[in-house]
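# Examination of the molecular architecture
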Amino acid sequence: MDSLTIRETFLSFYEEREHRRYGSASLISNDPTLLLTVAGMVPFKPYFLGDAKPPTPRATSFQKCVRTNDIENVGYTTRHLSMFEMLGAFSFGDYFKREAIRWSWELSIGPFGLDPERIWVTIHESDDESEALWLEETDVPLERIQRVGAPEGSTRLDDSDNFWSTGGAGPCGPCTELHYDRGPDWGEEGGPEVNGERYLEYYNLVLMQFEQDEDGQVVGDLPAPSIDTGLGLERMAILKQDVTNVFETDRFQPLLAKAEEVTGTTYGQDDATDVSLRIIAEHARTSAFLIADGVLPAKEGRGYILRRLLRRAVRHGQVLGLDVGGGRSVMEPMIDAVIVSHGPAYPDLERQRELITRVASAEESDFGARIRQGLEKVDQVIASVRKDDEAVGFPGDAAFELHDTYGFPIDLTQEIAADAGLELDRATFDELMEAQRERARAGAKRGGGAVPVEVYRDAAGRVGATDFVGYDRLAAEAELGAIVTPAGLQGSASEGDEVEIVLPRTPFYAEGGGQIGDAGVIDTPTGRLEVLDTQEAIEGLSVHRARVVAGEVHEGQAVEARVHMDRRIATARSHSATHVIHAIIKEEVGDHAQQAGSLVQPGRLRFDFPHFESLSPEQVAELEATINQRVLADPHVRTDVMTIDEAKAAGAVANFGDKYGEVVRVVTIGDFSKELCGGTHVPSGATIGTITIVREESIGSNTRRIEALTGPDAFSFLSRERMVAEQVARLLDAPTDDAVERVRGLMDRLKAVEKELAKARGAGLSQQAKELADGATRDDDGLAVVVARVDGLAMDDVRSLAGEIRGHLVTRAVVVVGTATDDGKAQLVAAVSSDLSEDGVEARPILHPAAQVVGGGAGGKGDLAQAGGKQGDKLDEALQVAATEARRVVGEL
């Protein structure tokens, strides 16, 4: 049974039992507690928590999932994967344990044809009810049911294999698992608790009853007991294709074959090669799916996970002999193999082929240079450790330098160190990383208390879901439903209080889809609230973050809510402009330039998109011209409400990371833009007014950002720019059209003068260097120490002077040059002759004591170092200290 048939068999089985079928959601989770979608239930989490009402009480789905806790094991075992597909069946407060157990049994021995005599079951150690139901509803005997608890001393319920959670705050509960006995070839018998390799787990039934906090402690019951079942497609493929591990299934065989072809190696000949081939195949697959869903390489978050996977795959291409970054790509052919083999089930892979290929290839090229430099440094450290009889492992500070200076991933350092038989001092590395983070966080901490999610749920239970009526009106009457504070709900608020207000119906748009939340006022018979912002606190519940500016307000009062009209209209112009920019940039730059993020504000917008190089000024000008031509043609802006399936069939664009319900709004602008969007828009294109691009820049690897102004804000900006141009033209006594060429001519003349001055200054420095070198004397041991103070020099000139003096002296020479700056600071440079450098003399230790004298520190490596300090009045003393230190250091050779 191939994988596509396994998937269809599972989904059809549950559809026959009144479950609604769902396709896979994005790997970018809408759950703020998760970086990525880690389980099949994640898209349905609001239904389990009671934060939203499910469209049907039963669901079945296939879901791509990524988990990163075992990345370092991927490849080294044949079990671990960073990405897998979960087939799920769910009950949202409908059926519970009895049906879940019965149907899992019927599916196993019926459509999947598994031998009932080889199925074993595990349950949580406290779950007597599940044990009884297995005995009542199935043919599993008591001796094939095993109870599982948490390890001794554990304080988390989810430390047990039979108590499930997402790993953070959220739904949880005991679970019961189905395992299949693969026979005596897999070792000793005795059930899953004795031999997990022989008794392969393939189906997990999570009996969701509780909600837990971040510490893994149960904090309450779910609104209604629910069911979350997950069957691993890859695990079932192992059983139905009668292979020993996942890499032999139809999911991975094409990928391993391509990895063999790319590297010129053969799978199955030796363990080390097999490890590298598995890593290349598995990580290429995960990376392709992540990029297709909008994840791009970055220094943190989900982008770092992607970068880690790509670099690990590239590193193992290098292990197998490829010249990484030298013109032979690992990732491009691997990405193609992933798309060909997985595209039929996941058409987004083919649609995003160009984006996936270019992002992966660009990261590979960048890492190629880093890996060569980093590996050289790693080898030096390993050699140094092996020479030191007292050293016991790979130093944490060296690992930190590799990470901080060379961009070399700590995971690779740890892996290479382990291959060399060295244990990485991870504790020191972590300490240095945390110190760096603390420095970065200094001054950036914000005060204020956050409202616990339980308070928002109380408000939702009291008021219900928010009815947004602001698409066609900017004012509405309602009742003040709840007053929210970090301490809980309260009955009233007085002048000066900052609170969050919940209304059952509101004209205020809650921030979403890149559009900021509305501001305005809420009036009651006894007071007024100034609304500063509007947010969706939990799904379906809008809160108005407000300050009481007059009187007091009370829960239950009648209110009139009014949105600031000018602010809303300006925001609508920017949102419609964002859609126009999105459509035109895909036309001009390429279909891969999908929206990767946006910020829509009154009169201005920000638009992020994946691209691999900066746009030239000419491209930006052409883009801006095309955008304004489309807007001035006054295209009609139409909004339609339809089901998500109808919207996709109509060709509406869904943006990365955005969350959509069963019924969506589709905004169409003319014949060139059609997007799923819940934001507010203008009625016609010309209403947007002028759009002017004020900046195009990089915000990260392969990601560009456009910032633009719209309407009156764009006009004001252009007016200011025109005034500046006219002022410059008047200063030049030239027509405005000639101003650029006149300025360019002046700049060329200035550069020529500066070049002549630099030439003259260089000649002067050369003469000065020769005079200082000629005046040097050598000690009895032949050492020449030249110390000179030359004030008024720039740091580059100080370095040049020191280097030229050293060049004249040739051997056994130490040169220290200092200068005092106009603002009273001191700068010093030390240079060591090459023969002394080869004997182990470094410039930085010689300069360090002098740097301390002037109140600073020294930096540099090898034969050249520099220093600076605030106490320029102590420069002469510092130079003498440097001379003394130079003689001491050389004398100890």
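Residues numbered from 1 in each chain as written. Predicted model: local features only at pLDDT ≥ 70, side-chain atom pairs only at ≥ 80, totals over all residues. Heavy atoms only, no water.

### A short note on the overall build of the chain
Spelled out, the test is: Elements are defined by DSSP. Helices are runs of H or I of four residues or more, strands are runs of E of two residues or more, and each kind is numbered from the N terminus. Think of it in three bands: with a 1.4 Å probe and only protein chains considered, a residue is buried below 20% of the maximum accessible area for its type, exposed above 50%, and partly exposed in between. Only heavy atoms enter the contact rule, under which two residues are in contact if any of them lie within 4.5 Å. Methods summary: accessible areas were calculated by the Shrake-Rupley approach with a probe of 1.4 Å, and residue burial reflects only the protein chains presented. Positive: Lys, Arg. Negative: Asp, Glu. His and the chain ends are not part of the count. By convention, the charge on Lys lies at NZ, on Arg at CZ, on Asp at CG and on Glu at CD.
When helices and strands are tallied, the chain shows 24 helices and 34 strands. By its C-alpha atoms, the chain is 100 × 75 × 50 Å across when sized along the principal axes. Burial analysis of the chain (893 residues in total) assigns 50% to the buried set. Taking contacts inside the chain between residues at least 6 apart in sequence as the whole, the part at least 24 apart equals 67%. Surface accessibility of the chain: about 40000 Å² in total, with carbon and sulfur atoms responsible for 47%. Taking the average place of the 93 positive charges on the side chains of the chain and the average place of its 151 negative ones, the gap between the two points comes to 5 Å.

### Structural notes on the sheet that holds strand E28 (residues 691-700)
In plain terms, the rule: By the convention used here, strands pair only if DSSP detects at least 2 bridges between them. Axis angles are defined between N-to-C directions and span 0 to 180 degrees, where every axis is a line fitted to C-alpha atoms and, for a helix, only to the segment in contact.
What the four strands build is an open sheet, ordered E23-E24-E29-E28; its pairing is antiparallel. For this open sheet the edge positions go to strand E23 (597-601) and E28, each flanked by a neighbour on one side alone. Within this sheet the neighbouring strands show an average axis-to-axis angle of 15 degrees, counted without direction. By the bridge criterion, seven bridges tie strand E24 (residues 604-610) to strand E29 (residues 703-710) in an arrangement that is antiparallel. Opposite proline 610, over in E29, you have threonine 703 as the bridge partner. Contacts from helix H17 (residues 617-632) reach E28 and E29 within the one sheet, and its direction differs from that of E28 by about 135 degrees. Packed onto the sheet, helix H19 (residues 711-732) meets E28 and E29 and runs at close to 90 degrees relative to E29.

### Some details on the environment of glutamate 15
So the rule is basically this: We define a polar contact as two N or O atoms separated by no more than 3.5 Å, with the added condition that, inside protein, one atom must be a possible hydrogen donor and the other a possible acceptor, whereas residues neighbouring each other in sequence contribute only through side-chain atom pairs.
With respect to the helices, strands and loops of the structure, glutamate 15 is situated in helix H1 (residues 3-15). Separated by 740 residues in the primary sequence, glutamate 15 and lysine 755 place their C-alpha atoms 78 Å from one another. Those residues in contact with glutamate 15, other than ones at most four positions away along the chain, are Arg21 and Thr60. In terms of polar contacts, glutamate 15 uses its side chain to reach the side chain of arginine 21, at 2.9 Å.

### A look at a negative patch on the surface
Quick note on the threshold: Like charges are joined within 9 Å and nonpolar side chains (Val, Leu, Ile, Met, Phe, Trp, Tyr) within 5 Å, but only among residues with over 30% relative accessible area and no salt bridge; these make up the patches. Here, a salt bridge means any Lys or Arg side-chain nitrogen found within 4 Å of an Asp or Glu carboxyl oxygen.
There is a patch of like negative charges on the surface, built from Asp397, Glu423, Asp425 and Glu431. When you line up the elements, aspartate 397 lands in helix H12 (residues 396-406). Relative accessible area serves as the criterion here: at 48%, aspartate 397 is assigned to the partly exposed category.

### Observations regarding the sheet that holds strand E30 (residues 784-789)
Taken together, the five strands give an open sheet; going across it, the order is E30-E31-E32-E34-E33, and neighbouring strands pair in mixed fashion. The sheet is open, and its two borders are formed by E30 and strand E33 (857-861), each paired with just one other strand. Averaged over all adjacent pairs, the angle separating strand axes in this sheet is 15 degrees, with direction ignored. Sheet analysis places strand E32 (residues 826-832) next to strand E34 (residues 864-869), joined by six bridges and oriented antiparallel. Residue pairing in the sheet places alanine 826 in a bridge with glycine 869 of E34.

### What to know about the confidence of the model for the chain
The criterion, for reference: Note on scores: pLDDT gives the predictor's confidence for each residue, bounded by 0 and 100.
The share of residues in the chain with pLDDT of 70 or more is 96%, and the mean pLDDT across the chain is 89. Summarising per-element confidence for the chain, the mean pLDDT is lowest in helix H14 (residues 426-441) (76) and highest in H1 (97). A low-confidence stretch, residues 440-448 (pLDDT under 50), is modelled with two contacts involving residues beyond four sequence positions or located in other chains.

### Regarding the side chain of serine 82
Inspection of the secondary structure assignment puts serine 82 in the loop between strand E2 (58-66) and strand E3 (83-91). Of the residues examined, serine 82 reaches a relative accessible area of 1% and is grouped as buried. In terms of polar contacts, serine 82 uses its side chain to reach the side chain of threonine 286, at 2.7 Å. If near-sequence neighbours (up to four positions away) are discounted, serine 82 is found in contact with Cys65, Val66, Arg67, Ile71, Val74, Glu282, His283, Thr286 and Leu309.

### So, helix H15 (residues 453-463)
Here H15 has its buried residues at Val455, Tyr456, Arg457, Ala459 and Val463. Count one or two residues on from H15 and you reach glycine 464, which has phi positive near 90 degrees.

### Some details on the packing of H1 against helix H3 (residues 97-109)
Inclusion rule: The labels follow the angle: roughly parallel below 35 degrees, roughly antiparallel above 145, roughly perpendicular from 65 to 115, and oblique for the rest. By the definition used in this description, the sense in which the near helix is turned from the far one sets the handedness, with an anticlockwise turn below a right angle giving left-handed and a clockwise turn giving right-handed. Note that Gly is not counted as nonpolar here; it falls among the polar residues with everything else outside the nonpolar set of Ala, Val, Leu, Ile, Met, Phe, Trp, Tyr, Cys and Pro and the charged set of Asp, Glu, Lys and Arg.
It is the contact of H1 with H3, at a shortest axis distance of 11 Å, that shows an interaxial angle of 135 degrees. Classified by the angle their axes make, H1 and H3 are oblique. Relative to H3, H1 is oriented so that their crossing is right-handed. The residues of H3 that touch H1, namely those facing Phe10, Phe13 and Tyr14, are Trp103, Ser104, Glu106 and Leu107. Within the contact of H1 with H3, the residues separate by chemical class into five nonpolar, one polar and one charged.

### Considering the pattern of salt bridges
Using the criterion set out here, one finds 57 salt bridges in the structure. Residues arginine 21 and glutamate 8 are paired through a salt bridge, measuring 2.8 Å at the closest nitrogen-oxygen approach. Placement of the pair is arginine 21 in strand E1 (residues 20-22) and glutamate 8 in helix H1, with a sequence separation of 13 residues. For arginine 462, the salt bridge goes to glutamate 555, with nearest N and O atoms at 2.9 Å. Here glutamate 555 lies in the loop between strand E21 (541-554) and strand E22 (558-563) and arginine 462 lies in helix H15, a separation of 93 residues in the sequence. What you see here is one network of salt bridges that share partners, running through Arg98, Arg102, Glu136 and Glu137.

### Some thoughts on a nonpolar patch on the surface
Side chains of Val724, Val728, Val743, Met747 and Leu750 sit close together on the surface and give an oily, nonpolar patch of about 380 Å² of accessible area. Secondary-structure elements contributing two or more residues to the nonpolar patch are H19 and helix H20 (739-774). Looking at which element gives the most residues to the nonpolar patch, the answer is H20, with three residues.

### Brief notes about the packing of helix H6 (residues 253-263) against helix H7 (residues 271-292)
Running from amino to carboxyl end, H6 crosses H7 at an angle of 120 degrees, the nearest separation of the two axes being 9 Å. Here H6 lies oblique to H7, going by the angle between them. In the crossing of H6 with H7, the sense of the turn from one axis to the other is right-handed. Along its contact with H6, which presents Leu255, Leu256, Ala259, Glu260 and Thr263, the element H7 presents Leu277, Arg278, Ile280, Ala281 and Arg285. Class assignment for the residues of the contact of H6 with H7 results in six nonpolar, one polar and three charged.

### Some thoughts on the nonpolar core
Which entries qualify depends on this criterion: The set of buried Ala, Val, Leu, Ile, Met, Phe, Trp, Tyr and Cys residues whose side-chain atoms join them within 4.5 Å is what this entry labels a nonpolar core.
By size, the foremost hydrophobic cluster in this structure holds 110 residues, and its most contacted members are Phe10, Trp134, Tyr202, Tyr203, Met331 and Phe394. Sorting elements by how many residues they give to this core places helix H11 (residues 353-387) first, with eleven residues. Formed by 29 residues, the second largest nonpolar core is a distinct cluster that contains Val814, Val816, Val854 and Ala882.

### Focus: the environment of glycine 149
Mapped onto the secondary structure, glycine 149 falls in the loop between strand E5 (145-148) and strand E6 (163-165). Sequence-wise, glycine 149 and arginine 457 are 308 residues apart; in three dimensions their C-alpha atoms are separated by 32 Å. Contacts of glycine 149, omitting those with residues within four sequence positions, involve Glu125 and Ser160.

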